[in-house]
Amino acid sequence: MGRPRLGTLALALLTFAVAASPRRTASVASLPNTLLVRVLDSTSGVPLPNAEVTAIGRNALTDARGQVRILWPAEGTLSIRVRQLGFRYVQRTVQRGTSPTATEDTLTIAMQRAAFALPQMTAVARPRCRDGESDSRRSALSESAMELLRFGAEQYGTFRRRYPFALTVERRTEIADPYVDGPKRRQSEELTNSDEWGDRYFPGRVMQRTGGQSWFVPLLFVSALADSAFWARHCFVARGVESREGKRVIRLDFGPALGVNEPEWEGAAWIDSAGSVLARVEFRLTNLRDYGGPRAFEGYTVFTTPSPYIARPDSTVASWRSNGSAIGSGGWSKQALVIREVRYTKEAPP
């Protein structure tokens, strides 16, 4: 027999490799490729919708059945954090299963209720705040309420990305000129969407000059309550639990920190102690001097709950004046933004 040529041997090896590759691929493909995470209340066993599940640097909300699916990474290990308002957060590290037939792994997480708070706390920098708190119980309540406030705002941001929506907003404006009899009233409807709705917070620029005698004041929107720049310039103090419109609510006051001398927001947020969601935010401008802009600016926002554990702004009312007279007795303006219709553009939330 003659000696085989090199080309023949190479072809034989290539044929073996091609024939063997489907068996290796089938072995890898047989491993589960998704992880089903089920989140429920440890006491009642009821599924928790809109729980925030974080894995691989991404956030997702559980559906109406308290479920969310995550793709397994190539290494087959996941670090998962689950948070929900009013519950203690859960951190788990899980490994992909090795079943040759299963296409999905399942992880059930039972969350325990917490009194007004999540375990992760944000400490208040007392020396930079005007209103020092020596009562340790009040300090703990402040930290708890702060975490609820911030997480609630973050969760709303995740919600509107998961369930984008379009809005019809009615704008009512009333302007009183001291030199004209009777206030002028205007009413209009505006169309917007969840991406564009709401003013951004600009640290140090809550009053923006747009002309010689005109100013723009971006309203304090819920997204600012999750903005690290807003938290860096403000102090928060819980004033205790109150009764408001038949509900028990935690009142959390906020104001500019020491050293913030330009116009800035101060006010109060009320958090429903039962559902741990925002119920109302009142705001007003402070540090107003003779900048040529408004001499007073105040307002409030009320919230609705379109889905469990989610607080969405429902309507905002603001009043301001540009001279030395009190609101209602001289030149003043009022404006109300009321949501008339909400239409979800992809799918409805649970």
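Residues numbered from 1 in each chain as written. Predicted model: local features only at pLDDT ≥ 70, side-chain atom pairs only at ≥ 80, totals over all residues. Heavy atoms only, no water.

## Re the sheet that holds strand E6 (residues 90-95)
Inference 1: Strand order across the open sheet formed by four strands is E3-E2-E5-E6, with antiparallel pairing between neighbours. Pairing within the sheet leaves two strands with one partner each, and these edge strands are strand E3 (58-61) and E6. For this sheet, the mean inter-axis angle between neighbouring strands, taken without regard to orientation, is 25 degrees.
Inference 2: Pairing of strand E5 (residues 77-83) with E6 involves six bridges; the strand directions are antiparallel. Within the sheet, the bridge partner assigned to Thr77 lies in E6 and is Gln95. (Pairing = 2+ DSSP bridges. Helix = DSSP H or I, 4+ residues; strand = E, 2+ residues; numbered from the N terminus. Axes fitted to C-alpha atoms, helices over the stretch in contact; angles between N-to-C directions.)

## Concerning the environment of Leu220
Inference 1: Relative to the assigned elements, Leu220 resides in the loop between strand E11 (215-216) and helix H3 (228-232).
Inference 2: Along the primary structure Leu220 and Asp199 are separated by 21 residues, whereas in three dimensions their C-alpha atoms are 7.1 Å apart.
Inference 3: Ignoring any residue separated from it by four or fewer positions in sequence, one finds Leu220 in contact with Phe230, Phe254, Trp265, Val281 and Phe283. (Contact = heavy atoms within 4.5 Å.)

## Brief notes about the pairing of strand E12 (residues 234-244)
Inference 1: Two elements, E12 and strand E13 (residues 247-256), share 10 bridges in a ladder whose sense is antiparallel. Each residue of the ladder has a partner; that of Arg244, found in E13, is Lys247.

## Section: the pattern of salt bridges
Inference 1: Applying the stated criterion across every chain yields a total of 19 salt bridges.
Inference 2: Here Glu347 makes a salt bridge to Arg162, at a shortest N to O gap of 2.6 Å. Placement of the pair is Glu347 in the segment after strand E18 (332-344) and Arg162 in helix H2 (residues 136-162), with a sequence separation of 185 residues.
Inference 3: Glu347 sits in the partly exposed class, given a relative accessible area of 37%.
Inference 4: Salt bridges sharing partners connect three or more residues here, namely Glu52, Arg83, Glu147 and Glu154. (Salt bridge = Lys/Arg side-chain N within 4 Å of Asp/Glu carboxyl O. Buried < 20%, exposed > 50% of the residue type's maximum accessible area, 1.4 Å probe, protein only.)

## Regarding the pairing of strand E1 (residues 34-41)
Inference 1: The buried fraction of E1 amounts to six of the eight residues, a majority that puts the element mostly inside the structure.
Inference 2: In this structure, E1 lies alongside strand E4 (residues 67-71), joined through five bridges in antiparallel fashion. When the sheet's bridge partners are listed, Leu35 is paired in E4 with Ile70.

## Structural notes on the sheet that holds E18
Inference 1: Pairing is antiparallel across the open sheet formed by nine strands, whose spatial order is E9-E8-E18-E17-E16-E15-E14-E13-E12. For this open sheet the edge positions go to strand E9 (184-193) and E12, each flanked by a neighbour on one side alone. On average, adjacent strands in this sheet sit at an angle of 15 degrees to one another, irrespective of strand direction.
Inference 2: One ladder, built from eight bridges, connects strand E14 (residues 264-272) with strand E15 (residues 278-286); its direction is antiparallel. The residue bridging Gly267 from the neighbouring strand is Phe283, located in E15.

## Details of the layout of surface pockets
Inference 1: In this structure, the largest pocket occupies an estimated 830 Å³ of space.
Inference 2: Taken together, 39 residues form the lining of the largest pocket, with Arg171, Val217, Leu219, Trp320 and Gln335 sitting closest to its centre.
Inference 3: When residues in the lining of the largest pocket are grouped by element, the largest group, seven residues, is from strand E17 (residues 310-321).
Inference 4: For the lining of the largest pocket, the per-class residue count stands at 21 nonpolar, 13 polar and five charged. (1 Å grid on protein atoms, 1.4 Å probe; cavity = no way out; pocket = protein on both sides within 12 Å on 5 of 7 lines; lining within 4 Å. Points joined across faces, edges and corners; volume = space filled by probe spheres on them. Nonpolar A, V, L, I, M, F, W, Y, C, P; charged D, E, K, R; others polar.)

## Considerations on the environment of Glu341
Inference 1: Within the secondary structure, Glu341 sits in strand E18.
Inference 2: With 173 residues separating them along the chain, Glu341 and Thr168 place their C-alpha atoms 5.0 Å apart.
Inference 3: Contacts of Glu341, omitting those with residues within four sequence positions, involve Ala166, Leu167 and Thr168.

## Remarks on the confidence of the model for the protein
Inference 1: Model confidence for the protein is summarised by a mean pLDDT of 83, while 81% of its residues fall at 70 or above.
Inference 2: Taken together, the stretch residues 117-126 has pLDDT below 50 and engages in 29 contacts with residues farther than four places along the chain or on a different chain.
Inference 3: For the stretch residues 324-329, pLDDT sits under 50, and the model shows eight contacts to residues farther than four places along the chain or on other chains. (pLDDT = per-residue confidence, 0-100.)

## A look at the nonpolar core
Inference 1: If you look at the biggest cluster of nonpolar residues, it comprises 68 residues, and the most contacted ones within it are Ile80, Phe230, Trp265 and Leu278.
Inference 2: At nine residues, the largest contribution of residues to this core is made by H2. (Core = buried A, V, L, I, M, F, W, Y, C linked by side-chain atoms within 4.5 Å.)

## Looking at the packing of aromatic side chains
The description of an aromatic ring pair rests on the distance of the ring centres and on the angle between the ring planes.
Inference 1: Overall, the coordinates contain 14 aromatic pairs when judged by the stated rule.
Inference 2: When the centroid spacing of 5.1 Å and the interplanar angle of 80 degrees are considered together, the rings of Tyr201 and Phe230 count as edge-to-face. Residue Tyr201 is located in the loop between E9 and strand E10 (208-209), and its partner Phe230 is located in helix H3; the two are separated by 29 residues in the primary sequence. Of the two residues, Tyr201 and Phe230, neither departs from the other in class, the shared state being buried.
Inference 3: Three or more aromatic residues joined by ring pairs form one cluster here, namely Phe159, Tyr163, Phe165, Trp197, Phe221 and Tyr344.
Inference 4: Seen from the ring of Trp270, Arg244 lies directly overhead, with NZ or CZ sitting 4.4 Å from the centre.
Inference 5: The lysine or arginine in question, Lys334, covers the ring of Trp332, its NZ or CZ lying 4.9 Å from the ring centre. (Phe/Tyr/Trp six-rings, centres within 6.5 Å; stacked < 30°, edge-to-face > 60°. Lys NZ or Arg CZ within 6 Å of the ring centre and 35° of its normal.)

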